[in-house]
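Remarks on the overall topology
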Amino acid sequence: MKPLSAKLLGIFSATALTVLLFFLFSKEPARLEARAESERGQSIEIGAGLYELHCRTCHGSRGEGVGQLGPALGDQFFFTERLKEVGWQDTLESYVFASSSHGRIVATRPKYAGSSSVAVMNPWLDKYGGPLRRDELVNITHFILNWRATAMGEVELAPLKIAQTSLDDPETISKGKKVFLHNCKECHSIGGINQADNKGPDLSKIGLVASTRVSDVTPELYIKESFLIPTEYIVKGFEPEVLGYTCGGILTRQQLDEVVAFLLTMK
C-alpha cells in the first residue's frame, strides 16, 4: 500500500501545484495592469512638477494656452483634431514626445512663441541641446495626456489657486541678476554690470523702455514676450534678417519671473 499512497500523494501534490499556478497566472494580468497603472501615476506626478517648471509659462497651468505664447494642450481640439492639423500619422503620445524633444520649427497657427518663419519652440531633449533627459520628457508627456478626461468633459476640476512671484522682492531681484549674468550677458549689456558684444539690444534702461514702448502692454509682459516671442517687439538695428538669428535661450518659468523682476529695476 505504501507505493500506492506515495503515488496518490504525488498526484495530489501535482494537482495542487497546478491549481495554485493556474490561480497565480490568472491573477498575473491584473497584477501587471495594476503595476503599470501605478507606474503611470508616478510618471504623471513627476511630469506635473516638470511641466510647472518648464512649460506652464507658454501653455498655461492647465494646458489652456497663454495668449500668443503657446497653444492649448488640454482642450478638446488638441485631443481630437491636433494630429489631423499637423498631419501626424502616429499616436498623440508620440507626437507630444517628439515635438518637445526636437522642438518645433514652424507654427501651424499664427504667433505661437514666434511666427510662421522662425523656430517656435526650441528642443528640450538634452541630446539636441535642451535641458531635459528623455525620462523627464516622457513624464511631461504622460502628464499632458492625462488632461484627456477634462478635455473631453468627463471630469471637471476645481478652481486652481496659483502663487505669484513678487516682482518687488529683493531676493527675487537678486536671483534675477544671477540668471541674467548666467544666460544673457553675452548678448545684452547693462551699464555698470556687464559689457556684451551687442548681439542684442542694450538693457541698461529696459525697465523704463518696457513701461513706455507699447501702450497696451504691461512692462512685465513686454519683457516676457520679448524673451518668449523674439520677433514680437523688434528694436531697430536688431532685426532677424540683419543679425541672422533671434534669441534662442531657454529658461524655466521661475527663472523668467526672476530675470523679469531684475530687469524691471533697470531705469
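Residues numbered from 1 in each chain as written. Predicted model: local features only at pLDDT ≥ 70, side-chain atom pairs only at ≥ 80, totals over all residues. Heavy atoms only, no water.

**A word on the overall build of the protein**
Which entries qualify depends on this criterion: Secondary structure follows DSSP: runs of H or I at least 4 residues long count as helices, runs of E at least 2 residues long count as strands, and numbering of each begins at the N terminus. Working definition: with a 1.4 Å probe on protein chains only, accessible area under 20% of the residue-type maximum means buried, over 50% means exposed, and in between means partly exposed. We call two residues contacting when some pair of their heavy atoms lies within 4.5 Å. What sets the accessible areas is the Shrake-Rupley method with a 1.4 Å probe; for residues, cover comes only from the shown protein chains.
On a plain count of helices and strands, the protein comes out with twelve helices and zero strands. Reading the protein from its N terminus to its C terminus gives the helix and strand order α-α-α-α-α-α-α-α-α-α-α-α. Each of the 267 residues in the protein was classed as buried or not, and the buried ones make up 36%. A sequence separation of at least 24 residues applies to 53% of the contacts in the protein between residues at least 6 apart. Only carbon and sulfur atoms are counted for the fraction: they give 58% of the accessible area of the protein, which is about 16300 Å².

**Here we look at the environment of Thr 141**
Tracing the backbone through its elements, the reader meets Thr 141 in helix 6 (residues 134-145). Judged by its relative accessible area of 1%, Thr 141 falls in the buried class. In this structure the C-alpha to C-alpha distance between Thr 141 and Glu 93, which are 48 residues apart in sequence, comes to 6.6 Å. Excluding residues that lie within four positions of it along the chain, Thr 141 makes contacts with Glu 93, Val 96 and Phe 97.

**Details of helix 8 (residues 170-183)**
Test applied: What a helix is expected to span follows from its residue count: subtract one and scale by 1.5 Å. By construction, the arc corresponds to the directions joining the helix axis to the C-beta atoms.
In this model helix 8 runs 20 Å from its N-terminal to its C-terminal C-alpha over 14 residues, within 8% of the 20 Å that 1.5 Å per residue would give. Buried within helix 8 are the following residues: Thr 172, Ile 173, Gly 176, Val 179 and Phe 180. Buried residues along helix 8 cover an arc of 115° about the axis, so they all sit on one side. Exposed residues pointing more than 90 degrees away from the buried face of helix 8 are listed as Pro 170, Lys 178 and His 182. In this structure, the buried residues of helix 8 make contact with helix 12 (253-263).

**Side note on the pattern of salt bridges**
Pairing of side chains with opposite charge becomes possible as their charged atoms draw close. Where we set the bar: Whenever Lys or Arg places a side-chain nitrogen within 4 Å of a carboxyl oxygen from Asp or Glu, that contact is recorded as a salt bridge.
Throughout the structure, instances matching the rule amount to nine salt bridges. Here Lys 224 and Asp 257 are joined by a salt bridge, their closest N and O atoms 2.9 Å apart. With Lys 224 in helix 10 (residues 219-228) and Asp 257 in helix 12, this residue pair connects regions lying 33 residues apart in the sequence. Residues Lys 224 and Asp 257 agree in their burial class; the two are buried. By sharing partners, the salt bridges in this structure join Arg 133, Asp 135 and Glu 136 into a single network.

**Overview of the packing of aromatic side chains**
As a reminder of what qualifies: Only centres within 6.5 Å qualify two rings of Phe, Tyr or Trp (six-membered ring in Trp) as a pair; their planes then separate them into stacked at under 30 degrees, edge-to-face at over 60, and tilted for everything else.
Tallying each qualifying case throughout the model produces seven aromatic pairs. Between Tyr 51 and Phe 143, the ring centres sit 5.3 Å apart and the planes meet at 50°, which makes this aromatic pair tilted. With Tyr 51 in helix 1 (residues 2-54) and Phe 143 in helix 6, this pair connects stretches of sequence that are 92 residues apart. Of the residues examined, Tyr 51 reaches a relative accessible area of 2% and is grouped as buried.

**Topic: the nonpolar core**
Most often, soluble globular proteins keep nonpolar side chains buried together rather than apart. Spelled out, the test is: What makes a nonpolar core is a set of buried Ala, Val, Leu, Ile, Met, Phe, Trp, Tyr and Cys residues whose side-chain atoms join them at distances within 4.5 Å.
Within the largest apolar cluster, 27 residues are counted, with the highest numbers of intra-cluster contacts made by Phe 180, Tyr 222, Ile 223 and Leu 263. Secondary-structure elements contributing two or more residues to this core are helix 8, helix 9 (206-212), helix 10 and helix 12. The greatest single-element share of this core, amounting to six residues, is contributed by helix 12. Not counting chain neighbours up to four residues away, the residues in contact with Leu 263 comprise Phe 180, Ile 190, Leu 203, Ile 206, Gly 207 and Ile 223. In this structure, Tyr 51, Phe 79, Tyr 95 and Leu 137 belong to the second largest nonpolar core, which totals 21 residues.

**Overview of the side chain of Ser 99**
Considering the arrangement of structural elements, one finds Ser 99 in helix 5 (residues 92-102). If near-sequence neighbours (up to four positions away) are discounted, Ser 99 is found in contact with Arg 104 and Met 121.

**Notes on helix 5**
Taken across its eleven residues, helix 5 has eight buried, putting it largely inside the fold. Among the residues of helix 5, those classed as buried are Leu 92, Tyr 95, Val 96, Phe 97, Ala 98, Ser 99, Ser 100 and Ser 101. Backbone geometry just after helix 5 places Gly 103 at a positive phi near 80°.

**Topic: the side chain of Ser 189**
Put simply, the rule reads: Distance and chemistry together define a polar contact, namely a pair of N or O atoms within 3.5 Å, with one atom able to donate a hydrogen and the other to accept it when in protein, and with adjacent residues in sequence counting only for side-chain atoms on both sides.
With respect to the helices and strands, Ser 189 occurs in the loop between helix 8 and helix 9. Note on Ser 189: relative accessible area 2%, which makes it buried. At 2.7 Å, the side chain of Ser 189 forms a polar contact with the backbone nitrogen of Ala 196. Leave out the neighbours within four places in its chain, and Ser 189 touches Asn 194, Gln 195, Ala 196, Asn 198, Pro 201, Asp 202, Leu 203 and Ser 204.

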